[in-house]
Amino acid sequence: MKSPLLALPGAVPAEGTDEGVAAHYGDIFREQRNLAQGAGFVDLSHRGVVTVTGADRLSWLHLLLTQHVSALPPQQATEALVLSPNGHVEHALYLVDDGTTTWAHVEPGTEQALVGYLESMKFFYRVEVADATADYAVVHLPAGSTAPADGAAAVRELPYGRDFFLPRAGLEELTAGYGPAAGIWAYEALRIEGHRPRLGFETDHRTIPHEVDWLATAVHLQKGCYRGQETVARVHNLGRPPRRLVFLHLDGTEEVLPPHGTEVRLASDPDGRSLGFVTSSARHHELGPIALAIVKRNVPVDAVLLAGTVPGTQDVIVPQ
């Protein structure tokens, strides 16, 4: 779904998963600095929006999701996952409940599959599930922004900013007073800096929550049964995940960033076996080139790694 904000001056369309919004508006570092200073906004209107209404919505979602949401207070933001029976991550939901409706935004293109799964689990619960992507769009405002939430159907308050669910029909008018627009490249650079995993980037078909640090934000370890809980509990209590997410400070002399899927090896053994892969990379306005990568758990934490041909040092996110 192509955003009307692509008509703003300087907008350069994003490609791939983020197609439909702007990659940038002409100056990626200025856009990052604006966001870091609490100014401007990011068009995330390509993301899917799913709503759940009905008297049983929170107790029902509690049975299906990894997060404790049965008593989720109105206006309190949270994250949750849908897992496979074997504990692999299938969906990531960014939630808030307004007292009558639970709102969630999800990765572009995943909303229909999520709605299909939720519909299959309704049984006799008093819930209604809807794909609201055609009617509502997500916009992110950074921490420190004082822009009013006038016109937003729901707001997720986060340590790093606010997510507004805005009527799609009024997107241009409602965002006009939010300050300078920043593209998805600026948002992604700050996401990578913040070590925040993204479904389909930091995950593949084998990913369990422990590997990407979703236990800290999207999984409640003391809640009741849900699909995939056995794997979550077993790995948490009896073992360690087979892989771990790392943050990489990349060598700034290389002109090209290693793209998603680039193999990671030891710098001391560049022809050796692959130890993992790059999941996301960006040029940061202060840190220079940075990346997230998934590597085997036993890779030494002090080892210099090669992302393709680019050397990088590790910051530990998930303990070895």
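Residues numbered from 1 in each chain as written. Predicted model: local features only at pLDDT ≥ 70, side-chain atom pairs only at ≥ 80, totals over all residues. Heavy atoms only, no water.

**Some thoughts on the pairing of strand β5 (residues 78–83)**
Formally: The cut-offs for exposure are 20% and 50% of the maximum accessible area for each residue type, with area from a 1.4 Å probe on protein chains only; residues under the lower value are buried, those over the upper are exposed, and the others partly exposed. Secondary structure counts use DSSP, requiring at least four H or I residues in a row for a helix and at least two E residues in a row for a strand, with both numbered from the N terminus. Two strands pair under a simple rule: DSSP has to find at least two bridges between them.
Summarising burial for β5: six of the six residues are buried, a large majority. Burial along β5 is two-sided: the residues T78, A80 and V82 and E79, L81 and L83 are all buried. Inspection of the sheet shows β5 paired to strand β6 (residues 89–97) by six bridges, in the antiparallel sense. Bridge pairing links E79 to Y94 in β6. The hairpin turn running from β5 into β6, its antiparallel successor, is five residues long, and G87 in that turn takes a positive phi close to 90 degrees.

**As for a nonpolar patch on the surface**
Using the following cut-off: Like charges within 9 Å and nonpolar side chains (Val, Leu, Ile, Met, Phe, Trp, Tyr) within 5 Å are joined into patches, using only residues over 30% in relative accessible area that form no salt bridge. Where accessible areas are quoted, they stem from the Shrake-Rupley method and a 1.4 Å probe; at the residue level, only the protein chains shown are allowed to cover. Here a salt bridge means any side-chain nitrogen of Lys or Arg lying within 4 Å of a carboxyl oxygen belonging to Asp or Glu.
There is a patch of nonpolar side chains on the surface, built from L63, F123, F124 and Y125 and spanning about 520 Å² of accessible area. Looking at the secondary structure, you find L63 in helix α2 (residues 57–64).

**Here's the deal with α2**
In plain terms, the rule: Whether two residues touch is decided by their heavy atoms; if any such pair falls within 4.5 Å, the residues are in contact.
Of all eight residues that make up α2, six are buried, and the element is covered over most of its length. Buried residues belonging to α2 abut β4 (48–53), β5, β6, β7 (101–106), α3 (111–120) and β8 (128–131).

**Concerning the sheet that holds β8**
Hydrogen bonding along the main chain pairs the strands of a sheet, whether they run parallel or antiparallel. Selection rule: Geometry is summarised by axes, namely lines fitted to C-alpha atoms with helices restricted to the contacting stretch, and by angles between N-to-C directions that run from 0 to 180 degrees.
Strand order across the open sheet formed by five strands is β5-β6-β7-β4-β8, with antiparallel pairing between neighbours. The sheet is open, and its two borders are formed by β5 and β8, each paired with just one other strand. In this sheet, neighbouring strand axes are inclined to one another by 30 degrees on average, regardless of whether the strands run parallel or antiparallel. In this fold α3 packs onto β4, β5, β6, β7 and β8, with an angle of close to 165 degrees to the strand it touches most, β8.

**Brief notes about the sheet that holds strand β3 (residues 41–43)**
Strand order in the open sheet made by the five strands is β10-β11-β9-β3-β12, with mixed pairing throughout. The open sheet is flanked by β10 (154–158) and β12 (181–182), the only strands paired with a single partner. As judged from the seven bridges shared by strand β9 (residues 136–142) and strand β11 (residues 161–167), these two strands associate in the antiparallel manner. Pairing of L141 across the sheet is with R162, part of β11.

**A word on the environment of D163**
What counts here: N or O atoms within 3.5 Å of each other form a polar contact, as long as, within protein, one can give a hydrogen and the other can take it, and as long as residues adjacent in sequence are counted only when both atoms are side-chain atoms.
When you line up the elements, D163 lands in strand β11. On the basis of relative accessible area, D163 is assigned to the buried category, the value being 2%. Discounting chain neighbours no more than four positions away, the residues touching D163 are H105, V138, V139, H140, A154, V155, R156 and L158. Polar contacts involving the side chain of D163 include one to the side chain of H140, which spans 2.9 Å.

**Notes on the pairing of β11**
The buried fraction of β11 amounts to six of the seven residues, a majority that puts the element mostly inside the structure. Of the pairings in the sheet, the one linking β10 to β11 comprises five bridges and is antiparallel in character. From the neighbouring strand, E157 faces β11, where its bridge partner is R162. Hairpin geometry of β10 and β11 is characterised by an intervening segment of two residues between the two adjacent antiparallel strands.

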